[in-house]
Amino acid sequence: MSPYKYSTLAVHAGQYPDPQTGAVNVPVYLSSTFELTGIGTDRGWDYSRAGNPTRDRLEEALAALEGGVSGHAFASGMAAIAALVAPLHAGDHLLCSHNVYAGTVRLFNQFVRHQGIDIEYVDTSNLEAVAAAIRPATKLIHIETPSNPTMVLSDIHAISEIAHAKGVEVSVDNTFMSPVLQSPLALGADIVMHSTTKYLNGHSDGIGGALIGSTPEHKERFLLVQKAAGAILSPFECFLVLRGIKTMPLRVRQHEENGRAVAEYLSTHAKVSRLAYPGLKSHPQHELAVRQQKGFGSMMSFDLGSREKAGRFLGALKIFINAESLGGVESLASHSATTTHAALTDAERAAAGITEGIIRLSIGIEDKEDLIADLEQALQTV
Ligand SMILES: *Cc1c(COP(=O)(O)O)cnc(C)c1O
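All of these numbers come straight from a predicted model, not from anything done at the bench.

Peer 1: Explanation requested: the sheet that holds strand S7 (residues 209-213) in the structure shown.
Peer 2: The pairing of strands in a sheet comes from backbone hydrogen bonds and takes either a parallel or an antiparallel form. As summarised here, the arrangement of the seven strands in space is S1-S7-S6-S5-S4-S2-S3, forming an open sheet in which the pairing is mixed. Whereas interior strands pair on both sides, the edge strands pair on one side only; in this sheet they are strand S1 (70-74) and strand S3 (118-122). In this sheet, neighbouring strand axes are inclined to one another by 20° on average, regardless of whether the strands run parallel or antiparallel. Across five bridges, S1 lies against S7 in antiparallel orientation. Across the sheet, residue Gly71 finds its bridge partner in S7, namely Ile212. The sheet contacts of helix H8 (residues 216-229) involve S1, strand S5 (169-173), strand S6 (191-195) and S7, and relative to S1 the element is tilted by about 20°.

Peer 1: Explain the site of the ligand to me, please; I cannot follow it from the model alone.
Peer 2: By nearness alone, 15 residues border the ligand, and Gly77, Asp173, Ser195, Thr197 and Lys198 come closest of all. A distance of 2.9 Å is found between an oxygen atom of the ligand and a backbone nitrogen or oxygen belonging to Met78. Asp173 places a side-chain nitrogen or oxygen 2.7 Å from a nitrogen atom of the ligand. Protein contacts shield 93% of the accessible area of the ligand, which totals 380 Å² for the unbound molecule. For the shell around the ligand, the elements supplying multiple residues, two or more each, are helix H3 (77-85) and S6. Per-class residue counts for the shell around the ligand are six nonpolar, six polar and three charged.

Peer 1: What's the story with the domain arrangement of the protein in this structure? I'm lost.
Peer 2: A common measure of how large an interface is: the accessible area buried when the components associate. Once the domains are mapped, the protein shows domain 1 (6-244) and domain 2 (248-379). Computed from C-alpha coordinates alone, the two centres of domain 1 and domain 2 are separated by 26 Å. Across the domain 1/domain 2 interface, buried area totals approximately 3,200 Å², and carbon plus sulfur atoms make up 60% of it. When residues of domain 1 are sorted by the area they lose upon contact with domain 2, Leu153, Leu181 and Tyr199 head the list and together hold 22% of the total. Across the domain 1-domain 2 interface, the total number found is one salt bridge. Among the salt bridges present, the one from Asp155 reaches Arg291, with a minimum N-O distance of 3.5 Å. Linking domain 1 to domain 2 there are 16 residue pairs in polar contact (both at pLDDT 80 or more). Those elements that place two or more of their residues in the side of domain 1 that touches domain 2 are helix H1 (6-12), helix H4 (102-110), helix H6 (156-165) and helix H7 (178-181).

Cut-offs and rules
Residues numbered from 1 in each chain as written. Predicted model: local features only at pLDDT ≥ 70, side-chain atom pairs only at ≥ 80, totals over all residues. Heavy atoms only, no water. Pairing = 2+ DSSP bridges. Helix = DSSP H or I, 4+ residues; strand = E, 2+ residues; numbered from the N terminus. Axes fitted to C-alpha atoms, helices over the stretch in contact; angles between N-to-C directions. Contact = heavy atoms within 4.5 Å. Near = heavy atom within 4 Å. Polar contact = N/O pair within 3.5 Å; in protein donor to acceptor, adjacent residues only side chain to side chain. Areas by Shrake-Rupley, 256 points an atom, 1.4 Å probe, with all protein chains shown as cover. Nonpolar A, V, L, I, M, F, W, Y, C, P; charged D, E, K, R; others polar. Domains from an automatic or database assignment. Buried area = accessible area lost by both parts, 1.4 Å probe. Salt bridge = Lys/Arg side-chain N within 4 Å of Asp/Glu carboxyl O.

Here you go:
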């Protein structure tokens, strides 16, 4: 355990002066290969797929920020999820939250399932359903909380207890909360996954992913996947995430303050229905959010009633950008049914509660008064 508090860790974990030059920033080592010191001996690196000094520093920072044993950086969030399930064998049973990121469903249904892995989607907000779904062949429960875009929470601590009693591991996609606002490993989970594309990078200028393990066995397992399957993050992209991490606690505080203000504003608006934001007392799982999260974040969704109204609203926005993704400094608004959840079938979308009028907001770090004024003028056109 580190003696330092969070913002100090964000600036310094993995990011110490370069021993050779004193450079305050982590150097970008653009080298595919490294000189060996003899036969079978090296200075710690031999080939950048297996390990790179810049990536090492990011992985050290990721492990510190999630309180894990090891961090592993991948070329995208999806590459991280592919690496998470790569060690599973044919016949293994994988339980997954039924309302996870649609790209996860696409990967599982179009590829992983055909490798003989038995994938079952379960409502992980329902603990009885989770307990009932575990079988002798179950190896992993993969959960995402809060869910996208409906902001349904799953109880990480309770699910971990249920899983561990049966020898099953729990992985948590922590992308929506960021490492600042939710610590799955401290709540009992085994593995944390991130799309670093979102809050960790924070500036919408790179794609990346990460796994953070909690045991030395996880470290060995994911190092082997990185080396064997090769979907590692490039040194320059690692540098961008390292740079983003330094300001992440500061950014997330502003995201959060703006998120709360926007949610309060929308909660009383006549044209907005089904507003989902765990920070509102009216959210059915507000109490769980208070218990398991360190804040409520800046993601929310609401329903404008139809695709036509959603289109008019998006077209009228001046500051919010109509774009997918989240967690960057700029505020984004998106139509879930045709963007993030386009990969789902109509039936899957209906089951996940994603209607044609749903708008998802990622609240950025602009002045909240400007954001609310922008939403107000766009809602007037609906
Ligand atoms: C974006 C996202 C992913 C996928 O990450 P990429 O970096 O786009 O590959 C996975 N899970 C969640 C919750 C995400 O928001």
